[in-house]
Amino acid sequence: MLLELFPYLSALLIEEVERLPDQVVLRSRARSTTGACRCGHSSSRVHGGYVRKLRDAAVGGLGVVLELRIRRFRCENPACPAVTFAEQIAGLTTPHGRYTPLLRALLTQIGALAGRAGARLAAAVGITVGRDTLLRMVRALPEPEIGEVEVLGVDDFAFRKGRHYGTVLIDMATHRPLHLYDGREGEDLADWLRGHPEVKVICRDRSSGYGQGARVGAPQAQQVADRYHLWANLGQAVEKTVNAHRARLAEPLVAAEDGPGHPEAELEVVQPSKELKIVTRLREQHAAAHEMGIKGCRRRRSDGNSGCTRPPSAS
């Protein structure tokens, strides 16, 4: 029954199952009578043993812990520098690993949500793990292969806006980042393109450095501008044109002498928004203070009088 629920434990002999308040403990040992050393030789000479604990994916909201009785064998290869070695269960254990492959894959996917959010989600499904552990698992993932890129996206980004910039290369077909490098120089882009002659289209911004790098590194590729920079450049051109011809714009027509029945005399007047009470009160206090200053009033004295005096006469 257990092997039907846990088929990846077929290489183990389950000896005892214990239900605890917060977890299920499976005590087991390996079925094989020999162990394989890293030098390639197998051995059946048992040197010692110890208990190793592996955490597995939760079942029914309870964590699962595997307690394995691991044997340490003596290597029978006289040229082996290890002398002794601990047995490893194929497809289940790795040196110094504390999680089963199933749990590690699950935590790696949860860790993509970020540290704190991933730790909260893992706790909701019965897995206790720290945010730093999740982030270490995500960083340990191997870099995916780039493969062939036909449409390449090139754009810059800011490490520190206005001071320090870098360049990101993106596969426009999958929208997956391919490479990052420091700076916005065309030489670095040309070096990357020389290693990818399959690039047919380069979608980039209007930087002259990127244009030169694309021409040198991939002369066979066609260079195009992306939608964002097309709209941005169009907006800048329209704004520049309007500012240059602002003086030629006609003044709005005033229909003061038109009759009440004229269409232009019935234009709707935009009413200003109502002023806040606190703004009105501050405006009144400011006006009162200026009026008192003109009259020569000073601060209230300690005897309670207002201290208003006439302004000094000119000598």
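You'll find the structure just up there.
How each quantity is defined
- Residues numbered from 1 in each chain as written.
- Predicted model: local features only at pLDDT ≥ 70, side-chain atom pairs only at ≥ 80, totals over all residues.
- Heavy atoms only, no water.
- Buried < 20%, exposed > 50% of the residue type's maximum accessible area, 1.4 Å probe, protein only.
- Helix = DSSP H or I, 4+ residues; strand = E, 2+ residues; numbered from the N terminus.
- Arc of directions from axis to C-beta.
- Contact = heavy atoms within 4.5 Å.
- Polar contact = N/O pair within 3.5 Å; in protein donor to acceptor, adjacent residues only side chain to side chain.
- 1 Å grid on protein atoms, 1.4 Å probe; cavity = no way out; pocket = protein on both sides within 12 Å on 5 of 7 lines; lining within 4 Å.
- Points joined across faces, edges and corners; volume = space filled by probe spheres on them.
- Nonpolar A, V, L, I, M, F, W, Y, C, P; charged D, E, K, R; others polar.
- Lys, Arg positive; Asp, Glu negative; His and termini not counted.
- Salt bridge = Lys/Arg side-chain N within 4 Å of Asp/Glu carboxyl O.
- Pairing = 2+ DSSP bridges.
- Axes fitted to C-alpha atoms, helices over the stretch in contact; angles between N-to-C directions.

Looking at helix 6 (residues 208-217)
Inference 1: Restricting attention to buried positions, one finds in helix 6 the residues Y210, G211, G213, A214 and G217. Along the axis of helix 6, the buried residues cluster in a sector spanning 165°; they form a single face.
Inference 2: At its buried positions, helix 6 is contacted by strand 8 (151-160), strand 9 (164-171), strand 10 (176-182), helix 5 (186-194), strand 11 (201-204) and strand 12 (222-225).
Inference 3: In this structure S207 caps helix 6, since a side-chain oxygen of it lies 3.4 Å from the backbone nitrogen of G209.

Looking at the environment of N233
Inference 1: Along the chain, the position of N233 falls in helix 7 (residues 227-244).
Inference 2: With a relative accessible area of 25%, N233 lands in the partly exposed category.
Inference 3: Note: C-alpha distance between N233 and R206 (27 residues apart in sequence) is 9.0 Å.

Here we look at the environment of V25
Inference 1: Along the polypeptide, V25 turns up in strand 2 (residues 23-30).
Inference 2: Residue V25 is classed as buried on the basis of its relative accessible area, which comes to 3%.
Inference 3: The spatial distance from the C-alpha of V25 to the C-alpha of E67 is 7.0 Å, given a sequence separation of 42 residues.
Inference 4: Other than its neighbours up to four places away in sequence, V25 contacts E16, V17, E18, L20, V65 and E67.

Some remarks on the layout of surface pockets
In this approach, a probe sized like a water molecule rolls over the atoms, and the result shows the empty space that is left.
Inference 1: Within this model, the largest pocket holds a volume of roughly 190 Å³.
Inference 2: Elements supplying a minimum of two residues to the lining of the largest pocket: strand 5 (46-59) and strand 6 (62-74).
Inference 3: Per-element accounting of the lining of the largest pocket gives the leading share, three residues, to strand 6.
Inference 4: For the lining of the largest pocket, a count of residues per class yields four nonpolar, five polar and three charged.
Inference 5: Approximately 160 Å³ is the volume found for the second largest pocket.
Inference 6: Ranked by residues supplied to the lining of the second largest pocket, first place goes to strand 7 (residues 84-86) with three residues.

Here we look at the side chain of D226
Inference 1: Looking at the element boundaries, D226 is found in the loop between strand 12 and helix 7.
Inference 2: Here D226 sits buried without a salt bridge, and the closest side chain of opposite charge, R227, lies 7.4 Å off (N-O distance).
Inference 3: Side chain to side chain, D226 and H229 meet in a polar contact 2.8 Å long.
Inference 4: Not counting residues within four places of it along the chain, the set of residues in contact with D226 comprises C203, R204 and D205.

Quick word on the sheet that holds strand 9
Inference 1: Read from one edge of the open sheet, five strands run 10-9-8-11-12, paired in mixed fashion. Whereas interior strands pair on both sides, the edge strands pair on one side only; in this sheet they are strand 10 and strand 12. Within this sheet the neighbouring strands show an average axis-to-axis angle of 25°, counted without direction.
Inference 2: Two strands pair when backbone bridges link them, and strand 8 and strand 11 are joined in this way by four bridges, in the parallel orientation. Bridging from a neighbouring strand, G153 pairs with C203 of strand 11.

As for the pattern of salt bridges
Inference 1: By the definition in use, this model includes nine salt bridges.
Inference 2: Two residues, R27 and E67, come together in a salt bridge whose shortest N-O distance is 3.1 Å. Linking R27 in strand 2 with E67 in strand 6, this pair joins segments that are 40 residues apart in sequence.
Inference 3: In the salt-bridge network here, residues are joined through shared partners; they are E16, E18, R27, K53 and E67.

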